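Below, each chain spelled out in residue letters.
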Amino acid sequence: MGSVWRLIVHVYFIVSLFVSSALAEDPYKYFTWNVTYGTIWPLGVPQEAILINGQFPGPEIDSVTNDNIIINVYNNLKNPFLLSWNGIQQRRNSWQDGVSGTNCPIRPGKNFTYKFQMKDQIGSYFYFPSEYFHKAAGGFGGIKIVSRPRIPVPFPDPDGDVTLLIGDWYKTNHVYLRRTLDYGRSLPNPDGVLINGQGPNGYSLTVDQGKTYRLRISNVGLSSSLNFRIEGHKMKLVEVEGSHTVQDLYDSLDIHVGQSYSVLVTADQPPQDYYIVASTRFTSTVLNGVGIFHYSNSQKGVSGSIPWGPTNEIDWSVNQARSIRRNLTASGPRPNPQGSYHYGNITIDRTFKLENSAPLINGKQHYAVNGISFLRPGTPIKLADYFNIGGIYTSDGIPNSPDKRTPYMQTAVISGEYRSFIEIAFQNNEDTIQSWHLDGYSFFVVGFGGGEWIPESRKDYNLFDAVSRCTTQVYPNSWTAVFVMIDNAGIWNLRSETWERQYLGQQTYLRVVSPENEYPISPNALLCGQAKGHPRTPLP
């Protein structure tokens, strides 16, 4: 046993030295964030919100590929608090992922320092609080990763770079929303849609005539797919969650929960004010978030009705989704074309068909994946693995495909073999749209289809220029298929981005084991549950 521990310690120090030398090559950016409650009025009534440094939404993280990010977070709330980084891959470092399966939350009155690298990434993302239904109270903000100067970008530098956070919103306090779910009831419909934390006509973006602006638009809401548009202006899509895209023009874009898009918009219309609109999709009542696209030399304010947007037209949305393709000739975070990786020629090692459902378990509303509703563990799965604590979770507890079992609750994970290539078919037999996200990875969205996914569905896959992203929609009574290269060791959350469904069990974790390809535990890692009191490093 002593020789084994000595080997572990030797590997630990080698990895630590490697990490230190690697991090020293790239810039560091330091942030101090104070998380507090504050009063906001976005929908005309006072309500308690989560502020970061007094801001709602929180401060933007403005970074460059491979920057090292150090964020010291002070929790001044009444409950434990945890931040997650939607789309930041945390290469080999799920210790910083910020979800209950990997991290203990920051206790009230305490602080924790997140340390991670924007390793080999570009693009538009956001962060958000992942526990206690805090997302319904704010605490979110934008993340921007721009390319290193020597890496060509497939469009001229814009005259401005603007983050727009759009999402549905409740007037009801998040504590009461959480209590509703804990009682086993579904949430009511949202009350409105916000644009950068502002209600109707509260947000204004000032532009100069003839100039072009990059808008980074993220849907940070709880449940609603949103259609985004700017009156009288075309949007040129250029990037989706780190992938440069074919630069098609759109009058409007469907942006589903958890998704991020980058568009170029030129102020090429007569100088006046125009509506910015984010409206709900696939809902019985359409809610509109409205802002102002204001020309600096405007001669006229907005007037008349807001511009038309789609409402329940599923085929319209599917056709738009299929039109979004990778720009194969553009470089990503490294100086090589995005099309140099031929994902369509790789043999699939394993296929998962994951079906969402909405069962009642013990008389309460829950949500499930292949019949299993995820039960949050008192000890994070990542810590259970590290300290070899048994009985915390069930490995391979999610079946590869739905088997019509009676739904039940379990802390069940999926095991992924390191460097394997997997196919996931998300199956949705419900009448509502779904949104799925995988931490730690981007995946190729290779196909959408109606009805039941079967192996013959592969004949309609896009095996050439499918976009690579971290969040995908699944339309009602339909399926969506993705390919994932399992090359990022760690414990990674696979979840519904519809936050009620995530909170009540529509999630699991992808467990990828490769100790030699993963960073050691952080010296400042928070310990809780059965991991409390354990040493953070093994002793010889």
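**As for the pairing of strand β2 (residues 47-52)**
Okay, so step 1: For β2, the buried fraction is high: five of the six residues fall into the buried class.
Okay, so step 2: As judged from the six bridges shared by strand β1 (residues 28-40) and β2, these two strands associate in the antiparallel manner. Within β2, the residue paired with Val 35 across the bridge is Ile 52.
Okay, so step 3: Adjacent in sequence and paired antiparallel, β1 and β2 are bridged by six residues, among which Gly 44 carries a positive phi angle near 90°.

**A short note on the sheet that holds strand β34 (residues 490-496)**
Okay, so step 1: Read across the sheet, five strands follow the order β27-β35-β34-β29-β32 without closing on themselves; strand pairing throughout is mixed. Of all the strands in the sheet, the pair left with one neighbour each is β27 (414-416) and β32 (471-474). Sheet twist, expressed as the average angle between the axes of neighbouring strands with direction ignored, equals 20°.
Okay, so step 2: Here strand β29 (residues 434-438) pairs with β34 via three bridges, running antiparallel. The partner of Trp 436 across the bridge, within β34, is Ser 496.

**Let's talk about the nonpolar core**
Okay, so step 1: Residues Leu 215, Phe 228 and Phe 293 are the most contacted members of the largest nonpolar core, which totals 32 residues.
Okay, so step 2: Contact partners of Phe 293, with chain neighbours within four places excluded, come to Leu 205, Val 207, Ile 230, His 233, Val 265, Gln 272, Asp 273, Tyr 274 and Ile 276.

**A look at empty space enclosed by the protein**
Okay, so step 1: Applying the stated criterion to the full structure yields three cavities of 30 Å³ or more.
Okay, so step 2: Roughly 100 Å³ of internal volume is contained in the largest cavity.
Okay, so step 3: Along the walls of the largest cavity sit Leu 82, Trp 95, Gln 96, Thr 102, Asn 103, Cys 104, Phe 112, Tyr 114, Leu 383, Ser 522, Ala 525 and Leu 526, which together make up its complete lining.
Okay, so step 4: Of the residues assigned to the lining of the largest cavity, the class counts are eight nonpolar, four polar and no charged.
Okay, so step 5: Counted as a void, the second largest cavity has a volume near 80 Å³.
Okay, so step 6: In this structure, the second largest cavity is lined by 14 residues; those nearest its centre are Phe 140, Gly 167, Asp 168, Trp 169 and Val 220.
Okay, so step 7: For the lining of the second largest cavity, the element with the highest residue contribution is strand β9 (residues 160-169), accounting for five residues.

**Digging into the environment of Ala 466**
Okay, so step 1: When you line up the elements, Ala 466 lands in the loop between β30 (443-450) and β31 (468-469).
Okay, so step 2: Residue classification places Ala 466 among the buried positions, given a relative accessible area of 1%.
Okay, so step 3: Linking Ala 466 and Asp 161, residues 305 residues apart in sequence, is a C-alpha distance of 26 Å.

**A word on helix α2 (residues 174-182)**
Okay, so step 1: His 174, Leu 177, Arg 178, Thr 180 and Leu 181 are the residues of α2 that are buried. The buried side chains of α2 occupy one side of the element, clustering within an arc of 155° when seen end-on.
Okay, so step 2: Tucked into the core, α2 has its buried residues touching β1, β2 and α5 (499-503).
Okay, so step 3: Of the residues flanking the start of α2, the one acting as N-cap is Asn 173, its side-chain oxygen 2.7 Å from the backbone nitrogen of Val 175.
Okay, so step 4: After α2 finishes, the residue Gly 184 shows a positive phi value of roughly 90°.

**Re the environment of Pro 476**
Okay, so step 1: Looking at where Pro 476 falls in the secondary structure, it is placed in the loop between β32 and β33 (478-486).
Okay, so step 2: Filtering out sequence-adjacent residues up to four positions away, Pro 476 remains in contact with Ile 314, Asn 428, Glu 430, Asp 431, Thr 432 and Ile 433.

**Points about the packing of aromatic side chains**
Okay, so step 1: Enumeration over the complete set of coordinates arrives at 28 aromatic pairs.
Okay, so step 2: Between Tyr 28 and Tyr 30, the ring centres sit 6.1 Å apart and the planes meet at 15°, which makes this aromatic pair stacked.
Okay, so step 3: We classify Tyr 28 as partly exposed; its relative accessible area is 36%.
Okay, so step 4: Given the relative accessible area of 63%, Tyr 30 is considered exposed.
Okay, so step 5: Ring geometry for Phe 56 versus Trp 169: centroids 5.4 Å apart, planes at 55°, classification tilted. Here Phe 56 is found in the loop between β2 and β3 (61-64), whereas its partner Trp 169 is found in strand β9, with 113 residues between them in sequence. For the pair shown, Phe 56 and Trp 169 are each scored as buried.
Okay, so step 6: In textbook terms, an aromatic cluster arises when at least three aromatic residues are bridged by ring pairs, as seen for Phe 31, Trp 33, Trp 85, Phe 112, Tyr 114, Phe 116 and Tyr 127.
Okay, so step 7: Its end group placed over the ring of Trp 499, Lys 135 keeps NZ or CZ at 4.7 Å from the ring centre.
Okay, so step 8: A cation over an aromatic ring shows up here: Lys 382 above the ring of Trp 95, its NZ or CZ 4.9 Å from the ring centre.

Reading the values: the criteria
- Residues numbered from 1 in each chain as written.
- Predicted model: local features only at pLDDT ≥ 70, side-chain atom pairs only at ≥ 80, totals over all residues.
- Heavy atoms only, no water.
- Buried < 20%, exposed > 50% of the residue type's maximum accessible area, 1.4 Å probe, protein only.
- Helix = DSSP H or I, 4+ residues; strand = E, 2+ residues; numbered from the N terminus.
- Pairing = 2+ DSSP bridges.
- Axes fitted to C-alpha atoms, helices over the stretch in contact; angles between N-to-C directions.
- Core = buried A, V, L, I, M, F, W, Y, C linked by side-chain atoms within 4.5 Å.
- Contact = heavy atoms within 4.5 Å.
- 1 Å grid on protein atoms, 1.4 Å probe; cavity = no way out; pocket = protein on both sides within 12 Å on 5 of 7 lines; lining within 4 Å.
- Points joined across faces, edges and corners; volume = space filled by probe spheres on them.
- Nonpolar A, V, L, I, M, F, W, Y, C, P; charged D, E, K, R; others polar.
- Arc of directions from axis to C-beta.
- Polar contact = N/O pair within 3.5 Å; in protein donor to acceptor, adjacent residues only side chain to side chain.
- Phe/Tyr/Trp six-rings, centres within 6.5 Å; stacked < 30°, edge-to-face > 60°.
- Lys NZ or Arg CZ within 6 Å of the ring centre and 35° of its normal.

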